[in-house]
Amino acid sequence: MDKVMYDVAIIGSGFGGAASAIMLAKLGHTVALIEKGKHPRFALGESTTPIMSKTIRHLGQKYDIPEFVNLASYDTIMSAHMPITCGPKELFHYFWHEPGLSSATLSNGIVPEIIVQTPEVDTQLYRAESDKYLVDVAISYGADYFEETTVEDIEFNDDGAVIKCSRPDGSASEIKTRFIIDGTGHRSLISQRYDLIVPQEELDTPLNSRSIFTHFKDVGDFESSLECDDAFIGRTPVPRIRGTQHHCFDGGWIWFIPFDNGVTSVGLNLDIDTYPINGKTGEEEFWEIIGRYPIVEKMLKGRETLMPFIKTKRIQFRTKQAVGDRWAMLPGSAVGGDGWFSTGLGFTLLCAHRIVDMLHTKMLKDDDFSRQYLENYETALFKEWKYVCRMVDGIYKSMRHFEVFKYYCFFCFMGAESFVHRGGIKRPHDLKYLLLNVGDDNFVAKFEEFYTMVKDLHGREEATQEQLDYLRDFVRYEMKDYNYRDYGNPIYGGVHRRLDKSSRYFAELA
Ligand SMILES: Cc1cc2nc3c(=O)[nH]c(=O)nc-3n(C[C@H](O)[C@H](O)[C@H](O)COP(=O)(O)OP(=O)(O)OC[C@H]3O[C@@H](n4cnc5c(N)ncnc54)[C@H](O)[C@@H]3O)c2cc1C
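Because the structure is a prediction, the values reported are computed rather than measured. (Residues numbered from 1 in each chain as written. Predicted model: local features only at pLDDT ≥ 70, side-chain atom pairs only at ≥ 80, totals over all residues. Heavy atoms only, no water.)

Here we look at the pattern of salt bridges
Item 1. In this structure the tally under the stated criterion is 37 salt bridges.
Item 2. A salt bridge links E113 to R235; the nearest nitrogen and oxygen atoms lie 2.4 Å apart. Taken together, the positions of E113 in strand β5 (residues 113-125) and R235 in the loop between α7 (230-234) and β12 (244-249) put the pair 122 residues apart, joining distant regions of the chain.
Item 3. The buried category is assigned to R235, whose relative accessible area is 12%.
Item 4. One salt bridge in this structure joins E285 and R210, with 2.6 Å as the shortest N-O distance. In this pair, E285 is assigned in helix α8 (residues 282-290) and R210 in strand β10 (residues 209-217), connecting sequence segments 75 residues apart. There is no split in this pair, since E285 and R210 are both buried. (Salt bridge = Lys/Arg side-chain N within 4 Å of Asp/Glu carboxyl O. Helix = DSSP H or I, 4+ residues; strand = E, 2+ residues; numbered from the N terminus. Buried < 20%, exposed > 50% of the residue type's maximum accessible area, 1.4 Å probe, protein only.)

Examining the pairing of β12
Item 1. Buried residues dominate β12, accounting for six of its six residues.
Item 2. The side-chain alternation of β12 yields two buried faces, one formed by T244, H246 and C248 and the other by Q245, H247 and F249.
Item 3. Across five bridges, the pairing between β12 and strand β13 (residues 252-258) is antiparallel. Across the sheet, the residue bridging to Q245 is F256, located in β13. (Pairing = 2+ DSSP bridges.)

Some remarks on the site of the ligand
Item 1. In the region of the ligand, 29 residues are neighbours, and G16, E35, S47, R127 and L345 sit closest.
Item 2. Within the backbone of F15, one N or O atom sits 3.0 Å away from an oxygen atom of the ligand.
Item 3. In the environment of the ligand, an oxygen atom lies 2.8 Å from a nitrogen or oxygen atom belonging to the backbone of G16.
Item 4. Considered on its own, the ligand offers 1,000 Å² of accessible surface; in the complex 85% of this is hidden by protein.
Item 5. For the shell around the ligand, the class distribution of residues is nine nonpolar, 15 polar and five charged. (Near = heavy atom within 4 Å. Polar contact = N/O pair within 3.5 Å; in protein donor to acceptor, adjacent residues only side chain to side chain. Areas by Shrake-Rupley, 256 points an atom, 1.4 Å probe, with all protein chains shown as cover. Nonpolar A, V, L, I, M, F, W, Y, C, P; charged D, E, K, R; others polar.)

Considerations on the packing of aromatic side chains
Item 1. Tallied over the entire structure, the rule returns 37 aromatic pairs.
Item 2. Between W253 and W340, the ring centres sit 4.9 Å apart and the planes meet at 85°, which makes this aromatic pair edge-to-face. You can see W253 sitting in strand β13 and its partner W340 sitting in the loop between β19 (335-336) and α11 (344-366), a full 87 residues away along the chain. Like W340, W253 is buried. (Phe/Tyr/Trp six-rings, centres within 6.5 Å; stacked < 30°, edge-to-face > 60°.)

Regarding the sheet that holds β10
Item 1. What the eight strands build is an open sheet, ordered β15-β10-β14-β13-β12-β3-β5-β20; its pairing is mixed. At either margin of the open sheet sits one strand with a lone partner, and together these are β15 (310-311) and β20 (495-496).
Item 2. In the sheet, β5 pairs with β20 via two bridges, with the strands oriented parallel. Each bridged residue has a counterpart across the sheet, and for V116 the counterpart in β20 is H496.
Item 3. Set on the sheet, helix α2 (residues 50-62) makes contact with β3 (86-96) and β5; between it and β5 the angle comes to about 30°. (Contact = heavy atoms within 4.5 Å. Axes fitted to C-alpha atoms, helices over the stretch in contact; angles between N-to-C directions.)

Remarks on α11
Item 1. Between the first and last C-alpha of α11 there are 31 Å, a value that for 23 residues agrees with the 33 Å anticipated at 1.5 Å per step.
Item 2. Taken as a whole, α11 carries its principal kink of about 50° at L359.
Item 3. In terms of residue burial, α11 counts as a mostly covered element, since 17 of its 23 residues are buried. (Expected span 1.5 Å × (residues − 1). Bend = angle between axes of the 7 residues up to and from the residue.)

Considerations on the domain arrangement of the chain
Item 1. Partitioning the chain into structural domains gives domain 1 (1-85 + 126-199 + 319-397), domain 2 (89-121 + 208-311) and domain 3 (401-510).
Item 2. The straight-line distance from the C-alpha centre of domain 2 to that of domain 3 is 24 Å.
Item 3. Contact with domain 2, which involves 21 residues of that partner, is made by 16 residues of domain 3.
Item 4. Taken over both partners, the interface formed by domain 2 and domain 3 buries close to 1,500 Å², and the fraction arising from carbon and sulfur atoms is 63%.
Item 5. The tally of links between domain 2 and domain 3 comes to one salt bridge.
Item 6. The shortest N-O distance in the salt bridge between E90 and R498 comes to 2.8 Å.
Item 7. Our enumeration of links across domain 2 and domain 3 arrives at nine residue pairs in polar contact (both at pLDDT 80 or more).
Item 8. For the side of domain 2 that touches domain 3, the elements supplying multiple residues, two or more each, are β3 and β5. (Domains from an automatic or database assignment. Buried area = accessible area lost by both parts, 1.4 Å probe.)

See the structure below:
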């Protein structure tokens, strides 16, 4: 072992653990990064968002980490020749399917599609490579990396903590540290060790979803897999393949995340109330459901899968605590949400920033690691999880009626955009600035009102024109302070292109 006592030991070298190690090592602290597996390895969380891109750029500038700045967009990853397979992401693309639907033409009137272009070209990340890259960067900044080293137990004492590890050859070792960041993901070591998981029957979220996913090779192109006219093809500002495609249907949705190497990550996500947990294999259930949606089936049928289908149980979970004396969990260890908003990596970085900043400016300096300094962190994390889950629950509930879904999606976009716009990324400890703007009481009150309407409509066969007009006007007028893109204005037909630099959004940017 290189150091007798590390300032910080980070358990788990996924995106969050490795990014935290980079920041702390760059700030001059001694860091142990401990990983039970071996990179490169598969990980979920492959689609980034404007929040993630802007956060990693901000952290790169704040801590002088050029590798972070380069990761902030597809274009810089490409121009810096980073050793990461990725893909351009400049659209959130939502297409709404009914069983048997195989066409979309503009002449039919409403096209069941929403396209929102991102402010810049974000990226799809092939996590096997991006996580390995970040670990290599952490090592280059001085972190000590322990691979194939499983943390079995932790003992806290007055001076710090002793981390007890095992290796595949049966050998055991100990790592001493002043503080621990738990980045071990959904089977968090600390939550198991201290029995911190909230039992499922007591979980305080309405969201109840599960997922089945794999990687495909050479999937079919969306536009070639449906009957459509030129007007449909031409309505998007850039080809749909340059985005994350969300294929939505009543009670579920499918992500398509294309990488430049011909691989596409595909995941089927299901509301458990509509699709109860069952004994089918992931592969059986995947094809059974895909078979109802001819466009998606055509894109996937007969294509090679590169790994077995992984089928989860309910994804949502929460721990009772996210911090303690001498330890803090990254969000992946403390809470589980849903893939819908692709918020995971952005959320992880925002939280890593909060922990790193508090450690650097206060706790390591004062040699005081009591949990009081991280109480705001815990409050922020659980509140963000609560509202992200409620927002995603509304997505599942809105999917019964395309127009309801459309206005609800716009509402959620406003949450993400106003968080960035208000400068939330640069205010790590202020509870008024939280992910998706849920630190803003006025925004939250309006969200609850809108969400209640959506839940009410979910229970009805039809939404009336009057109800739809109300939702549209709510988005357009009631939310105008948050609505930088004129969402809800019918002239856009559900397609919102990148904002002009002269727009109100940029003029008022914090
Ligand atoms: C269905 C689904 C879809 C998602 N889609 C997206 C998306 O599109 N975009 C997005 O941003 N986010 C998405 N997410 C969230 C994303 O997966 C997480 O936010 C992200 O992976 C968290 O990274 P992490 O580094 O915290 O954890 P992980 O990537 O899970 O890494 C944890 C690491 O800890 C190691 N480890 C575990 N136990 C031990 C131990 N005892 N000792 C040592 N090491 C250990 C593991 O081997 C692993 O390498 C999705 C999540 C789900 C469930």
